[in-house]
Amino acid sequence: MSSPTLVISGLRVEVAATGQDIVDQVDLTIDPGEVLGLVGESGSGKTTVGLSVLGHARRGVRIAGGVVLIGDTAMLELGDSELRQARGKLVSYVPQDPSVALNPAIRIDRQLLEVMEFHGFGGSDEARQERMLEVMKEVLLPATPAFLRRYPHQLSGGQQQRVGLAMAFACRPSVIVLDEPTTGLDVSTQSHVLQTVRELSRQHGVAALYVTHDLAVVANLADRVAVMYAGRVVEQGA
């Protein structure tokens, strides 16, 4: 039995001005290559938990207690510069709207290379170019110069989301947080994206936290499911 890649223990997130809890007493673990579906109604706190894995809280909110461990790294104890290095390299995030992750003014190849350059992944331009082509194939997109030179607006929604996945997996993180990334996609495209997430997680031993309100997605994707209600995890199971 391998040790969990991600351990969340006693997580509490509160409104900074009032101290009212948004999330409290959350305990979760995810093993290497496992996908945990975190489900709940709107406002249940599931996205707040997902962002906490990156050591991030939205404006007006603060992480008030608990532990988030990725391997031996305590995410909630890192300083700003250390968090910037950890995000994208140790833990990656895929948002619901791919336009949030993609810069509309920069071509796809440049965006992928910038992620790797910032984190010093690969050690050389040649290695990063090779990894870029590899990760494009992993997300089932053309690794051709013509495609890589496109801007985000020249891609379909499904293609944009796959580029977002490529950016998230580019530096081979230990953990990936996916915040309802298939909500705006048609059923066929959604199925392809979910299959890609599942295969990449298992192939590279990445612990995946999949935030969603869609139980059909969980049934097709997740190994385990945790249910949130009113800021707490009220049930977990296979």
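Conventions and cut-offs
- Residues numbered from 1 in each chain as written.
- Predicted model: local features only at pLDDT ≥ 70, side-chain atom pairs only at ≥ 80, totals over all residues.
- Heavy atoms only, no water.
- Pairing = 2+ DSSP bridges.
- Helix = DSSP H or I, 4+ residues; strand = E, 2+ residues; numbered from the N terminus.
- Axes fitted to C-alpha atoms, helices over the stretch in contact; angles between N-to-C directions.
- Contact = heavy atoms within 4.5 Å.
- Core = buried A, V, L, I, M, F, W, Y, C linked by side-chain atoms within 4.5 Å.
- Buried < 20%, exposed > 50% of the residue type's maximum accessible area, 1.4 Å probe, protein only.
- Polar contact = N/O pair within 3.5 Å; in protein donor to acceptor, adjacent residues only side chain to side chain.

What to know about the sheet that holds strand E7 (residues 175-179)
Then, in step 1: The sheet built from six strands is open, its strands ordered E6-E7-E8-E3-E9-E10 with mixed pairing. Every other strand in the sheet has two partners, leaving strand E6 (91-94) and strand E10 (232-237) as the edge strands with one partner each. Neighbour to neighbour, the strand axes of the sheet diverge by 20 degrees on average, direction disregarded.
Then, in step 2: Here strand E9 (residues 224-229) runs beside E10; their pairing, made up of five bridges, is antiparallel. What sits directly across from Ala-226, in E10, is Gln-236.
Then, in step 3: The strands that helix H1 (residues 46-53) touches are strand E3 (35-39), E6, E7, strand E8 (207-212) and E9; relative to E8, the one it contacts most, it runs at about 150 degrees.

Digging into the pairing of strand E1 (residues 6-15)
Then, in step 1: Sheet analysis places E1 next to strand E2 (residues 21-30), joined by six bridges and oriented antiparallel. Paired with Leu-11 across the two strands is Val-26, which belongs to E2.
Then, in step 2: With antiparallel pairing between neighbouring strands as the criterion, E1 and E2 make up a hairpin whose turn holds five residues, including Gly-19 at a positive phi of roughly 80 degrees.
Then, in step 3: As paired elements, E1 and strand E4 (residues 61-70) share eight bridges and run antiparallel to each other. Across the sheet, residue Ile-8 finds its bridge partner in E4, namely Val-68.

A word on the nonpolar core
Nonpolar side chains tend to gather and get buried jointly when the protein is soluble and globular.
Then, in step 1: Core analysis: the biggest nonpolar cluster contains 36 residues, and Leu-112, Leu-165, Ile-176 and Leu-178 have the highest contact counts within it.
Then, in step 2: Looking at this core, the elements with two or more residues in it are helix H4 (108-118), helix H5 (125-138), helix H6 (145-148), helix H7 (157-169), E7, helix H8 (187-204), E8 and helix H9 (215-221).
Then, in step 3: Here the element with the most residues in this core is H7; it accounts for six residues.
Then, in step 4: Here Leu-178 is in contact with Val-94, Leu-165, Val-197, Ala-208, Leu-209, Tyr-210 and Val-211, once residues within four sequence places are set aside.

Quick word on the sheet that holds E2
Then, in step 1: What the four strands build is an open sheet, ordered E2-E1-E4-E5; its pairing is antiparallel. The open sheet has two edge strands, E2 and strand E5 (73-74), and neither has a second partner.
Then, in step 2: Where E4 meets E5, two bridges bridge the pair, whose relative direction is antiparallel. The residue bridging Leu-69 from the neighbouring strand is Ala-74, located in E5.
Then, in step 3: Contacts between H1 and the sheet are confined to E1, E2 and E4, with E1 contributing the most and set at about 120 degrees to the helix.

Notes on the side chain of Arg-128
Then, in step 1: Its location among the elements puts Arg-128 in helix H5.
Then, in step 2: A polar contact is formed between the side chain of Arg-128 and the backbone oxygen of Phe-121, at a distance of 3.1 Å.
Then, in step 3: Excluding its chain neighbours within four sequence positions, the residues that come into contact with Arg-128 are Leu-113, Met-116, Glu-117, Gly-120, Phe-121 and Gly-123.

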